[in-house]
Amino acid sequence: MKRIVLALVLAASFAGVKAQNCEVLLLPYFGNDAERMAEYQSSVPDKFAWRCAYARSAFYESDTVPAGAALYNISEVQDRQSGNHLSAQTVIDLSTFSYYAYNFYTFQVSFPTGAQTLCFATPGSAHPYLVLRSLDETNRLATEVWEAERAQ
């Protein structure tokens, strides 16, 4: 039973993340320098693809707070470039919402291990919570997605 549930979760994750635009998700990683991003993409395409899989795997939206997740308000999140905090009414669109554009890593490393799931209240969105997978889970899922896409 657990295997069936895991397979369904992975299938849903693959389907959901395929629709996300790598260039939009990764541009903040490169300081919004499209030329630098294009050079990186052409010189190390596998690394670019893995970073994209990571960005696509980092989040999911939920109607409930996952068990054991640390809960924050989305307004505690800062834009890395401007330093501005997100509005409490921020509407999340996972196809364009970049892990790299905001200070999510700072939240993740404030815990002693890489196993903590974080949750952000997003009352302005279709789903009231944005879930940030733990560092461990995001790395695992990103690698699975990346390997599956390479095998296609």
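Residues numbered from 1 in each chain as written. Predicted model: local features only at pLDDT ≥ 70, side-chain atom pairs only at ≥ 80, totals over all residues. Heavy atoms only, no water.

1. Details of the overall build of the protein
Our working rule: Helix and strand assignments follow DSSP, with helices taken as H or I runs no shorter than four residues and strands as E runs no shorter than two, numbered in order from the N terminus. A 1.4 Å probe rolled over the protein chains alone gives each residue an accessible area, and that area as a share of the maximum for its type sets the label: buried under 20%, exposed over 50%, partly exposed in between. The contact definition used throughout considers only heavy atoms, calling two residues in contact when any of these lie within 4.5 Å. Only the protein chains shown count as covering a residue, and every accessible area follows the Shrake-Rupley method with a 1.4 Å probe.
When you go through the protein residue by residue, the secondary structure sums to 6 helices and 4 strands. In sequence order, the protein lays out its α and β elements as α-α-α-α-β-β-α-β-β-α. Relative to its 152 residues, the protein shows a buried fraction of 39%. In the protein, once contacts between residues fewer than 6 apart in sequence are set aside, the share between residues at least 24 apart is 68%. Carbon and sulfur atoms form 56% of the exposed surface of the protein, whose accessible area is close to 8,300 Å².

2. Some remarks on unusual backbone geometry
In the Ramachandran plot, Asn32 falls in the positive-phi region, its phi being about 60° despite a non-glycine side chain. The residue Asn32 is located in the loop between helix H2 (22-26) and helix H3 (34-43) in this model. What makes Asn32 partly exposed here is its relative accessible area of 37%.

3. What to know about the environment of Leu26
Looking at the secondary structure, you find Leu26 in helix H2. Between the C-alpha atoms of Leu26 and Phe97, which are 71 residues apart in sequence, the distance is 10.0 Å. Excluding residues that lie within four positions of it along the chain, Leu26 makes contacts with Met37, Phe48, Arg51, Cys52, Ala55 and Tyr100.

4. Regarding the pattern of salt bridges
To keep things clear, this is the line we draw: Whenever Lys or Arg places a side-chain nitrogen within 4 Å of a carboxyl oxygen from Asp or Glu, that contact is recorded as a salt bridge.
What the rule picks out here adds up to 3 salt bridges. Across the pair Arg56 and Glu149 runs a salt bridge, and its minimum N-O distance is 2.6 Å. Taken together, the positions of Arg56 in helix H4 (residues 45-57) and Glu149 in helix H6 (residues 135-151) put the pair 93 residues apart, joining distant regions of the chain. Its salt-bridge partner being Arg140, residue Glu137 comes within 2.4 Å of it at the nearest N-O pair. Of this pair, Glu137 and Arg140 both sit in helix H6, 3 residues apart, which is roughly one turn of the helix. Note on Glu137: relative accessible area 29%, which makes it partly exposed.

5. Overview of the state of the cysteines
In plain terms, the rule: A pair of cysteine sulfur atoms is labelled a disulfide when the two atoms are within 2.5 Å.
Summed over all chains, the structure comprises 1 disulfide. The partner cysteine of Cys22 in its disulfide is Cys52, sulfur to sulfur 1.8 Å. On the S-S bond that ties Cys22 to Cys52, the torsion sits near -80°, and the link is left-handed. One end of the pair, Cys22, is in helix H2; the other, Cys52, is in helix H4, with 30 residues separating them in the sequence.

6. Looking at the side chain of Thr122
Convention followed: We call two N or O atoms a polar contact when they sit within 3.5 Å, provided that within protein one can donate a hydrogen and the other can accept it, with sequence-adjacent residues counted only if both atoms are side-chain atoms.
Summarising the element assignment, Thr122 is placed in the loop between strand S3 (118-121) and strand S4 (129-132). Judged by its relative accessible area of 0%, Thr122 falls in the buried class. Here the side chain of Thr122 touches Tyr129 through a polar contact of 3.4 Å, landing on its backbone nitrogen.

7. Focus: the sheet that holds S4
For clarity, the cut-off: Strands were regarded as paired on the criterion that DSSP finds at least two bridges between them. Simply put, an axis is a line fit to the C-alpha atoms, just over the touching stretch for a helix, and the angle between two N-to-C directions goes from 0 to 180 degrees.
Spatial ordering of the open sheet is given by S1-S4-S3-S2, a layout of 4 strands whose pairing is mixed. In the strand order of this sheet, the two ends are held by strand S1 (59-62) and strand S2 (70-73), each with one partner. Adjacent strand axes in the sheet meet at a mean angle of 30° when their direction is disregarded. Here 4 bridges tie S2 to S3, and the two strands are oriented parallel to one another.

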